[in-house]
Protein chains: 2
Amino acid sequence: VGLIERWQRGEVTVLSDDECMKLLVDHNLGRFAYTDDEGPVVTPVNYAVADGMVLIATSAHTDLARHARSAPVAFEVDDIDLEQHSGWSVLVRGRTEVLDYDDLPAAHTARPAPWAEGVRTLYLRIVPGAISGRRLLPV
Amino acid sequence: VGLIERWQRGEVTVLSDDECMKLLVDHNLGRFAYTDDEGPVVTPVNYAVADGMVLIATSAHTDLARHARSAPVAFEVDDIDLEQHSGWSVLVRGRTEVLDYDDLPAAHTARPAPWAEGVRTLYLRIVPGAISGRRLLPV
């Protein structure tokens, strides 16, 4: 990476809300950010989208559950090509709320399916306040 | 994704500080989280590691610069295999400070090299308070 490469940088375009939502629906791994007493925390989680809202599963005993049951949070999904230096990212900002079991999507396949071991029976959804996204085009 | 797959979930192992730092040094794209008046924000950024600290470049006019010049932040790097449902993530939590130009690494290659267009002459480093990481083994 020399000075020349530093000047050949990719163009950034802003994604529409529809494009953001489509990208969100088409993926199932993102990064959930909340705030604890020390500041922001980011953790990768599996998710699903139901009724236009991001849905994640956690356990009642996690740090996340303690601090992000009903709180301002952010959720980021991206796909970035490390070779091409291109890709996209989408950010949902909003407030979490605990989802009652009866409000879960009926189909198991429409619920978040965590890849990691452990029991996760606390479902949170993010009531979106804002959604934004951008795409970095290859140079 | 049926019920059977939901029971075959990967084992999570905790990474040592040394493993976390090695993974951090070996990569150059992560997700920076800070807090503005509305709550947490997450944004993908290029970074470098100097003296064991994450270094990012931004512009003085960004939302990030306004809220994260000297603030509690988090920085997350991961590499997750969407097919294998495996991967790792590392989280640095700490406090940002503005890096004087004289304190930048002398070699340009040791500085963060943003892939996106735009002038970024404000360098921030994260003075780490805690580093943690985990690995999700394939099922």
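Above this text you will find the structure in question.
The rules behind the values
- Residues numbered from 1 in each chain as written.
- Chains lettered and ligands numbered in written order.
- Predicted model: local features only at pLDDT ≥ 70, side-chain atom pairs only at ≥ 80, totals over all residues.
- Heavy atoms only, no water.
- Helix = DSSP H or I, 4+ residues; strand = E, 2+ residues; numbered from the N terminus.
- Contact = heavy atoms within 4.5 Å.
- Buried area = accessible area lost by both parts, 1.4 Å probe.
- Salt bridge = Lys/Arg side-chain N within 4 Å of Asp/Glu carboxyl O.
- Polar contact = N/O pair within 3.5 Å; in protein donor to acceptor, adjacent residues only side chain to side chain.
- Buried < 20%, exposed > 50% of the residue type's maximum accessible area, 1.4 Å probe, protein only.

Draft legend 1. Looking closely at unusual backbone geometry. You will see that A:Asp51, though not glycine, has its phi angle at about 55°, which is positive. By the element assignment, A:Asp51 lies in the loop between strand E4 (48-50) and strand E5 (53-58). A positive phi angle, near 55°, is found at B:His85, a position not held by glycine. Considering the arrangement of structural elements, one finds B:His85 in the loop between strand E6 (72-81) and strand E7 (86-98).

Draft legend 2. Summary view of the interface of chain B and chain A. Between chain B and chain A, the contact holds 47 residues from the first and 47 residues from the second. Interface area for chain B against chain A, summed over the two sides, is near 4000 Å², with a carbon-plus-sulfur share of 58%. Ranking the residues of chain B by area buried against chain A places B:Arg9, B:Pro40 and B:Trp115 at the top, with a combined share of 20%. On the surface where chain B and chain A come into contact, there are six salt bridges. Linking A:Asp36 and B:Arg93 is a salt bridge whose minimum nitrogen-to-oxygen distance equals 2.6 Å. Applying the counting rule to chain B against chain A returns 18 residue pairs in polar contact (both at pLDDT 80 or more). Elements with a contribution of two residues or more to the side of chain B that touches chain A: helix H1 (3-7), strand E2 (29-36), strand E3 (39-46), E6, E7 and strand E8 (122-136) of chain B. Looking at the side of chain B that touches chain A element by element, the count peaks at seven residues for E6(B).

Draft legend 3. Focus on the pattern of salt bridges. Applying the stated criterion to the full structure yields 16 salt bridges over all chains. In this structure, A:Arg31 engages B:Asp78 in a salt bridge whose closest nitrogen and oxygen atoms are separated by 2.6 Å. With A:Arg31 in strand E2 (residues 29-36) and B:Asp78 in strand E6, this pair bridges two chains. Accessibility assignment for this pair places A:Arg31 and B:Asp78 in one class, buried.

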